[in-house]
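Reading the structure
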Amino acid sequence: MKKATIAAFALLALSACGSEPGEPAAQEAAPAKVYTIGEAAPFEDKELTITKVEEMTSIGGEMGAKAGPGETFIVAFYTQKNMVKEPVDALSGSSISLIDENGNTYADDTMATAMAIASLDNMPMLETTLNPGVSSKSAVAWKVAKANFDRATWTLKVEELTFSLK
């Protein structure tokens, strides 16, 4: 008889786990952190910082990339720093993606990206390995319709990391 009573109480306790009207809902997972421009985010064995995001009509001067009528370049400048005691692959990890408010992902513009990297002060050489404590800077650029771009609602993503453009 005791086993039946214990089983009944256990079943009653389990059935009470459901959410009834007026009862608080089960806790949901906390939303993922959104990093801001200038804020360092841990990524693999590195620290990734989006240092600035600019809207540009041309990149790289006279011979560089130019946006057409109704278009603009969105250029994200960033640094990555080795945070471990061994060299790490600077090229490992996923690329930075530009995401609009509807979740659409935009392809980067290879020529504009190369021009943005070339325009950096002390242009980095092709660094494939970062030694401990060493930083590398780079850039990535996308060509988008100017009318669609909204800095307040678009984001940058690197795997699970999200960066606000504000």
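Residues numbered from 1 in each chain as written. Predicted model: local features only at pLDDT ≥ 70, side-chain atom pairs only at ≥ 80, totals over all residues. Heavy atoms only, no water.

Glancing now at the pattern of salt bridges. For the coordinates displayed, the defined rule picks out four salt bridges. Across the pair E39 and K33 runs a salt bridge, and its minimum N-O distance is 2.9 Å. For E39, a relative accessible area of 24% gives the class partly exposed. In this structure K33 comes out as partly exposed when scored by relative accessible area, which is 45%. Of the charged contacts, one joins K146 and E55 as a salt bridge, the two residues approaching to 2.9 Å between their closest N and O atoms. In this pair, K146 sits in the loop between strand 11 (135-145) and strand 12 (155-158) while E55 sits in strand 3 (residues 46-56), placing the two residues 91 residues apart along the sequence. For K146, a relative accessible area of 45% gives the class partly exposed. (Salt bridge = Lys/Arg side-chain N within 4 Å of Asp/Glu carboxyl O. Buried < 20%, exposed > 50% of the residue type's maximum accessible area, 1.4 Å probe, protein only. Helix = DSSP H or I, 4+ residues; strand = E, 2+ residues; numbered from the N terminus.)

The next subject is the sheet that holds strand 1 (residues 34-35). Strand pairing in a sheet relies on backbone hydrogen bonds, with the paired strands running either antiparallel or parallel. Reading across the sheet, the five strands line up as 1-13-12-8-9 and stay open at both edges, with mixed pairing between neighbours. For this open sheet the edge positions go to strand 1 and strand 9 (105-106), each flanked by a neighbour on one side alone. Both strand 12 and strand 13 (residues 161-164) contribute to a ladder of four bridges, which runs antiparallel. Pairing of K157 across the sheet is with T162, part of strand 13. (Pairing = 2+ DSSP bridges.)

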